[in-house]
Amino acid sequence: MPSRFIPGFSKLSKEEKLRIISSELEDKKHFYQDIESLNHSDPEMQSRLEKFSENTLGNFPLPYGIAPNFLINNKFYTVPMVTEESSVVAAASAAAKFWSENGGFHAEIKGTIKIGQLHFCWFGEKSYLLESMDKLKSFLLKNTLHITKSMKERGGGVTGIELLDFTDRLDKYYQLRVSFLTSESMGANFINSVLEEMALLMKEYFSGEGKQESLEIIMSILSNYTPDCLVECHVEAGLKAFEPFTGTGKEKEFARRFKMAVDIAGIDTYRAVTHNKGIFNGIDAVALATANDFRAVEAAGHAYAARSGSYSSLSSVDLTDRAFRMKLELPLAIGTVGGLTRLHPIAKWSYEILNKPNVEELMMIIASAGLASNFAAVRSLVTSGIQKGHMKMHLVNILSSLNASASDQKKAIEHFKEHRVTYHEVKEYLASLKNSQ
């Protein structure tokens, strides 16, 4: 890679950027070939994809898969998933099939409020600021109607403004916490536009009161922590349903071990992080397939997992002598319009495959995918172990990296059903096949 300062890189053409980046690569020819081979066959579509980001050299494709048989609130869904991690789609599909035969997933929306923050310092009398709040709120709401009008017509808009005093922790610091409903959109651009307008209006208001020197706006930005934009999903069944995992008579033992594994994630942060990562295997995959911001979704989820003061499991299990119930609850701020949800050529089809869900329906679908992934992972951990499914897919990846023929791949897959999978062992086995020919 060029180990030097590159002035004006963003202003260069794509060809110039490629030339600079490749200039010190050992295999410049194959770098160009690999980049070109992944470009879209339609130049117009390639141009559209490149405009989604900056300094774009080409595309970085990820597998687009399908997890069928999700029965959610008595309705079947075929769920698109984008992920590179081995076995995620297979595991979610297996869990979806199992629960479709045992009552399905049950999901509900517990709130859709999102939060924006106007951060400021106040150098005047605190009492004056407090006394001004009612008039200030009315002023802000009235003078942002030109921005909120369309959203209000769709059932959204600003739902509240609250003054928070943080001066005991940070000198002179206050915050206006503004709550929003954003209808079918995730709402980031809408929220930020309203907040930035409110910052200007706040300056105008206090300037009119002769208090302009008392106010300093620090920043205006949405929060990706959305504990009031919440979805809950659960599955439940009698213990007899678990017979396929354990054999007759061991269902209660399986359920006990399963609950213990989830309870461990409830008290131990080291386990909880990995446990919740398994949940987000499913959530992120559907968020990506529908062109939603999986980074924001993850950030909110992890913050919610730590809301008690220590990081814990997002899922829980209730168990009796006869019945099993597993629940997942987490914040999920997403959208079905705006952003890339309709611009990305494949995301558009994801919504078609899902039968054009509204935002609340999509929240429930995504949560169900998270719970399915979680169930599948914990089930494996307390029975055969997580590596069995992972290594099956890992073997395929190793065989591909070693350019094994279709015939050799078939033989290797059969051979490694009974043998340990490592890169060295696979390489040695392929060499033995070659030597025997």
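Up top is the structure these notes are about.
What counts, and where the lines are drawn
Residues numbered from 1 in each chain as written. Predicted model: local features only at pLDDT ≥ 70, side-chain atom pairs only at ≥ 80, totals over all residues. Heavy atoms only, no water. Pairing = 2+ DSSP bridges. Helix = DSSP H or I, 4+ residues; strand = E, 2+ residues; numbered from the N terminus. Axes fitted to C-alpha atoms, helices over the stretch in contact; angles between N-to-C directions. Contact = heavy atoms within 4.5 Å. Core = buried A, V, L, I, M, F, W, Y, C linked by side-chain atoms within 4.5 Å. Buried < 20%, exposed > 50% of the residue type's maximum accessible area, 1.4 Å probe, protein only. Parallel < 35°, antiparallel > 145°, perpendicular 65-115°, else oblique. Polar contact = N/O pair within 3.5 Å; in protein donor to acceptor, adjacent residues only side chain to side chain.

Spatial strand order, 5-6-4-7: four strands in an open sheet with antiparallel pairing. Each of the sheet's edge strands pairs with one partner strand only, and the pair in question is strand 5 (157–165) and strand 7 (215–223). Within this sheet the neighbouring strands show an average axis-to-axis angle of 20°, counted without direction. Note that strand 4 (residues 114–122) and strand 6 (residues 173–181) share eight bridges and pair antiparallel. Note on strand 6: the bridge partner recorded for Lys114 is Phe180. Helix-sheet contacts for helix 7 (residues 188–208) involve strand 4, strand 5, strand 6 and strand 7, and the interaxial angle to strand 7 is about 165°.

Let's shift gears to the sheet that holds strand 3 (residues 106–109). Spatially, 3-8-10-9 is the arrangement adopted by the four strands of the open sheet, whose pairing is antiparallel. One side of each edge strand has no neighbouring strand; the edge strands of this open sheet are strand 3 and strand 9 (315–319). Ignoring which end each strand starts from, the neighbouring axes of this sheet average 15° apart. With four bridges connecting them, strand 3 and strand 8 (residues 230–238) associate as antiparallel partners. Following the sheet pairing, His106 is matched in strand 8 by His234. Each of strand 9 and strand 10 (323–331) touches helix 9 (residues 251–267); the most contacted strand, strand 9, lies at about 145° to it. Together, strand 8 and strand 10 form the strand contacts of helix 11 (residues 294–305), whose direction differs from that of strand 10 by roughly 120°.

On to the nonpolar core, then. A general tendency of soluble globular proteins is for nonpolar side chains to be buried together. Core analysis: the largest hydrophobic core is formed by 63 residues, its most contacted members being Phe70 and Phe324. Take this core: its biggest share by element is 13 residues, from helix 13 (residues 359–381). Of all hydrophobic cores here, the second largest spans 29 residues; its members include Leu118, Leu140, Met151 and Ile217.

This part is about the packing of helix 4 (residues 88–100) against helix 13. It is the contact of helix 4 with helix 13, at a shortest axis distance of 8 Å, that shows an interaxial angle of 95°. Judged by the inter-axis angle, helix 4 sits roughly perpendicular to helix 13. Contact residues: Ala91, Ala92, Ala95, Phe98 and Trp99 in helix 4; Ala372, Ser373, Phe375 and Ala376 in helix 13.

What follows covers the side chain of Thr290. By secondary structure assignment, the location of Thr290 is in the loop between helix 10 (269–289) and helix 11. Looking at Thr290, the relative accessible area reads 0%, which means it is buried. One polar contact links Thr290 to Asn292, side chain to side chain, over a distance of 3.1 Å. Beyond its immediate stretch of four places on either side in the chain, Thr290 contacts Thr341, Ala347, Ser350, Tyr351, Leu354 and Leu362.

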